[in-house]
Amino acid sequence: MRSLLATGAAVLALLVTTGCATTAGSSAADAEPRKPAKVDPWENWNRKVFSFNDAIDTAVIRPVATAYEKVVPQLVRTGVTNFYGNFADAWSAVNNLLQGKVADGAQDVMRVGTNTLFGIGGLFDVATELGLDSQREDFGQTLGYWGFKPGPYIVWPLLGPSTVRESFALPLDRYVGPALGSSEDGVRFSLTILGLLNERANLLPTSRMLDDMALDKYVFVRDAYLQRRRSLVYDGNEPESEEDTFEADPEPPAAAASQPAAASAPAAAAASAPDAPASQPSN
């Protein structure tokens, strides 16, 4: 289900920002100009996994999320979103501090404290009403801030779109959440599933737009994901001088699929864990 979440967020960001460009500098370390690498050297493999994820979403995940949306009142779903977002803000505070963004980290700490104390454990977003906006950062952004390049694009079974850099960061990014505070396997599983289901329900409108707009859904999702991650790493101020993105590969060699395919078995095993890292919805 994680594949759905990252895709929805990426697509939504692309729909909002398409046509906009930034020219400001970046706080991330600059690199010497170099020849761009291929953005998607494993496209043959990636498309197969994308189709698999899309089929799972269409047959199982989206119908369940649609039923959840119809049955659970909006007020309750908003409370669930706020509750999980409170944990995300706590992890964001850590990553802001790791990036040296002390002010943003302090603001996230204040958000968590305010929403926990006055928002009934985070069910209500009191902090935003008080002007304490979220400064959301994750470990993938932290790695990018300190100069780690994204590497080629890859789609993992059930986990969705990623890059080599994000694949290393996702286990930590997905581990932090309400389930972390429970020692009961049943409770952890239930909390993980609830969070994923609620996020998927929130992305249903984006999925419908994607179905209506994209001629090649795979390419649209890939480009949206890469553009969004780059923007997040540079806080929306991507530098002109550094080619941190990768050159498109319209016709990748079929042999390229063999390299990531060797990793498909462990990836599928990791995907079976409810709170495994992931990203990218297919729908």
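1. Quick look at the pairing of strand β2 (residues 160-163)
No. 1: Relative to β2, strand β1 (residues 153-156) runs antiparallel, the two sharing 4 bridges. Across the sheet, residue Y153 finds its bridge partner in β2, namely T163.
No. 2: Counting the residues that bridge the hairpin from β1 to β2 gives 3 residues, and of these L158 lies at a positive phi of roughly 65°.

2. Quick look at unusual backbone geometry
No. 1: The backbone phi angle of I120 is positive, close to 55°, even though this residue is not glycine.
No. 2: Secondary-structure assignment places I120 in the loop between α4 (102-118) and α5 (126-129).
No. 3: The backbone phi angle of L158 is positive, close to 65°, even though this residue is not glycine.
No. 4: A relative accessible area of 26% means that L158 is categorised as partly exposed.

3. A few points about the packing of aromatic side chains
No. 1: Counted by the stated rule, this structure contains 6 aromatic pairs.
No. 2: Seen from their ring centres, F50 and Y218 are 5.6 Å apart, and the 85° between their planes marks the pair as edge-to-face. Of this pair, F50 sits in helix α2 (residues 43-71) while Y218 sits in helix α10 (residues 217-233); the two residues are 168 residues apart in sequence, bridging distant segments of the chain.
No. 3: Residue classification places F50 among the buried positions, given a relative accessible area of 7%.
No. 4: Centre to centre, the rings of Y145 and W146 are 5.2 Å apart; their planes meet at 85°, and the pair counts as edge-to-face.
No. 5: Using a relative accessible area of 15% as the deciding quantity, one classes Y145 as buried.
No. 6: For W146, a relative accessible area of 54% translates into the label exposed.

4. Brief notes about the nonpolar core
No. 1: Grouped together as the largest cluster of nonpolar side chains are 15 residues, with contacts concentrated most on Y153, I154, V155, Y218, V221 and L226.
No. 2: Mapped by element, the contributors of at least two residues to this core are α2, β1 and α10.
No. 3: Not counting residues up to four positions away in its chain, the partners in contact with V155 are W45, N46, V49, F50, N53, G160, P161 and Y218.
No. 4: With 8 residues, the next largest nonpolar core counts Y84, L197, A201 and L204 among its residues.

Conventions adopted
- Residues numbered from 1 in each chain as written.
- Predicted model: local features only at pLDDT ≥ 70, side-chain atom pairs only at ≥ 80, totals over all residues.
- Heavy atoms only, no water.
- Pairing = 2+ DSSP bridges.
- Helix = DSSP H or I, 4+ residues; strand = E, 2+ residues; numbered from the N terminus.
- Buried < 20%, exposed > 50% of the residue type's maximum accessible area, 1.4 Å probe, protein only.
- Phe/Tyr/Trp six-rings, centres within 6.5 Å; stacked < 30°, edge-to-face > 60°.
- Core = buried A, V, L, I, M, F, W, Y, C linked by side-chain atoms within 4.5 Å.
- Contact = heavy atoms within 4.5 Å.

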